[in-house]
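Residue-level structure breakdown
The lines below spell out each chain.
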Amino acid sequence: MESQAGDGGSVELDGAWLETLSPEPLLTRDYETRPSLVYERLRQRHGPVAPVDLLGVPAWLVLGYREALDVLQDDAGWPKGLENWRARSEGRVPADWPLGPSLEVNHVLIQGGPGYRPLRTAWDAALKPFQDPRHAQAKRLKTAVAAYADDLISLVGQAGGTGLADLSAQFSRPLPLMVASHLLGFPGSQGDDALMDMWRVLDAGPDAELALERLLAALAELAAVKLKQPGDDFPSYLLAAHPDLSLDQLARELFMLLGMTSDHVGILISNTVVEVISGEGGVRASLSAGMVRESMNRVVMRKPPLVNFVPRFAARDTPLGNYTIRAGDPVWVSSAAAHADPLFADKVAEGTAVSTRAHLAWGAGQRQCPARELASTVAAVGVGRLFERFSNLELALPVDQLPWRSSPFMRGLRSLPVRYELAAMPPQPSAHAPDAEAGDTAEAADGVRVEAGGAGGAVESADAADVVLPDSAVRQRSSLWRYLTGLIGVGR
């Protein structure tokens, strides 16, 4: 029997199977409130790789920065694809495992095998119009994001020029929902219920399975529409780049896009707002200098929205950290834990104008997040509009008392209570503002056209003039907009 001293003690290296190591539960109350303490305790006991229990299923959690890179950059040695999971193939993963619904959707972030490369190529092609700043669709997207942000801020302001608001519920979470509808080409407000179900799936709660069924059905219906009537939207572009996709496969890919543009972006916006208005480090100075993306980069190093990536699996028995990972064992890379690894954290200089890009918030290697530029753009435009429209924002609670919610994948704020003061001279309201009368719109019932630069001047090019946004009549039928309207003035 071989043993080796880990960071905080002796770790047995006798080739024991993962299931026999009695892994401790990861998703505890401590993890909910102070995950950094959990990572450090695991690191002290096991070193850079630790056995953990994920809601009744054993797995390896990668805590070390170097080990995380080794896994993320070696697709052959650590492939994705649930077909590589030994316990699942042997029927040892419970049928009612709460994480099962989200992992069983075999989209581009989960899929392994030969089908991945053509699918990823199609994704890159379909996203390029939205991520390439030279493309008209990218300009339209920025205009739409700014317009949606202005609508949400104006809705908050209906309670008065000063007051108390929950920026998570009233801005950070709904903004990506509205953008997702724009990307997917949902007609009117039909995407609201589907996108809310996306939250339920990501939170891995007791209703996750039913929410997933409803969501995939709605996305399959949308996919059928796009197959018959293609448009200037992501589903149509993805079908054009990968014509062999079935409706079921397309629905799964749309599911993945929703996950990236809803919860992930919403958390990134909230975390950036907290960092800025709490005045920690050089974030406030960076934002005042117009460096919104630099502020966001600091945030994803300190509080990455995606704390654990979807699992990979050992292709063969492989040493990693102080253990030997058996072929078929699930390996979860924790970006949050890797960023806290002294190997990485001790080299991050405080107070510098530009922070490192060596973080793992978007992954690493060939399977780095395909929508990272899209997500960054949505968050940057949203945060920028927020601090342009509000002359003052203050946290209504001390930073250490803000309520957090944690899932196996994401970590974000449950609420973001702030005291606000609107700028004295906000931008001129556009025709699509939520309090506009239906008859005042430039187009009939289903939407209006936004002039280039209309939403706060975010886009200068006339190519962006064809953005269609829902008008007030459509939004009155929207479950999301009714919910947001009900939040006006709450807590005043």
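Residues numbered from 1 in each chain as written. Predicted model: local features only at pLDDT ≥ 70, side-chain atom pairs only at ≥ 80, totals over all residues. Heavy atoms only, no water.

**What about the sheet that holds strand β7 (residues 312-313)?**
The strand order across the open sheet formed by five strands is β3-β4-β5-β10-β7, and the pairing between neighbours is mixed. Two strands in the sheet have a free side with no partner beyond their single neighbour: β3 (24-25) and β7. Across six bridges, the pairing between strand β4 (residues 49-54) and strand β5 (residues 57-62) is antiparallel. Residue V49 lies in a different strand from β5, and its bridge partner there is V62. Where helix α2 (residues 35-46) meets the sheet, it contacts β3, β4 and β5, and its direction lies at approximately 125° from that of β4. The strands that helix α3 (residues 65-72) touches are β4, β5, β7 and β10 (330-333); relative to β10, the one it contacts most, it runs at about 120°. (Pairing = 2+ DSSP bridges. Helix = DSSP H or I, 4+ residues; strand = E, 2+ residues; numbered from the N terminus. Contact = heavy atoms within 4.5 Å. Axes fitted to C-alpha atoms, helices over the stretch in contact; angles between N-to-C directions.)

**Focus: the nonpolar core**
With 91 residues, the main nonpolar core has W123, F171, L184, L219, F234 and L374 as its most contacted residues. Residue contributions to this core peak at 14 residues, all from helix α13 (residues 247-277). (Core = buried A, V, L, I, M, F, W, Y, C linked by side-chain atoms within 4.5 Å. Buried < 20%, exposed > 50% of the residue type's maximum accessible area, 1.4 Å probe, protein only.)

**Looking at the environment of V201**
Relative to the helices and strands, V201 is located in helix α10 (residues 191-202). As for V201 and E213, which are separated by 12 residues in sequence, their C-alpha atoms are 9.9 Å apart. Apart from the residues lying within four places of it in its own chain, the contact partners of V201 are S102, A208, A211, L212 and F255.

**Digging into the packing of aromatic side chains**
Enumeration according to the criterion identifies nine aromatic pairs in this entry. For the pair W85 and W97, a centre-to-centre distance of 5.7 Å together with 70° between the ring planes defines the contact as edge-to-face. Of the two residues, W85 sits in the loop between α3 and α4 (86-89) while W97 sits in the loop between α4 and α5 (100-103), which places them 12 residues apart along the sequence. Per residue, the accessibility class of W85 equals that of W97, and both read buried. Chaining the aromatic ring pairs together yields one cluster made of W85, W97 and F313. Between R326 and the ring centre of W17, over which it is positioned, the NZ or CZ distance is 4.4 Å. The ring of Y116 carries R367 above its face, with NZ or CZ at 3.7 Å from the centroid. (Phe/Tyr/Trp six-rings, centres within 6.5 Å; stacked < 30°, edge-to-face > 60°. Lys NZ or Arg CZ within 6 Å of the ring centre and 35° of its normal.)

**Things to note about the sheet that holds strand β6 (residues 162-166)**
A sheet is described by the order of its strands in space; here three strands give the open sequence β6-β14-β11, paired in antiparallel fashion. The open sheet terminates on both sides in strands that have one partner only, identified here as β6 and β11 (390-395). Taken over all neighbouring pairs, the strand axes of this sheet differ in orientation by 30° on average, direction set aside. The sheet contact formed by β11 and strand β14 (residues 417-422) spans five bridges and is antiparallel. Looking across to β14, one finds that E394 is bridged to R419. Contacts from helix α7 (residues 136-157) reach β6, β11 and β14 within the one sheet, and its direction differs from that of β14 by about 90°.

**As for the packing of α7 against helix α18 (residues 372-389)**
Two numbers describe how α7 lies on α18: the axes approach to 9 Å, and their chain directions differ by 40°. One element, α7, and the other, α18, form an angle in the oblique class. For α7 against α18, the interelement crossing comes out right-handed. Only L374, T377, V378, V381, G382, R385, L386 and R389 of α18 make contact with α7, whose side of the interface consists of L141, K142, V145, A146, A149, D150, I153 and S154. Among the residues making up the contact of α7 with α18, the classes are represented as nine nonpolar, three polar and four charged. (Parallel < 35°, antiparallel > 145°, perpendicular 65-115°, else oblique. Left-handed = near helix turned anticlockwise from the far one by under 90°. Nonpolar A, V, L, I, M, F, W, Y, C, P; charged D, E, K, R; others polar.)

Read these as geometric descriptors, not functional statements.
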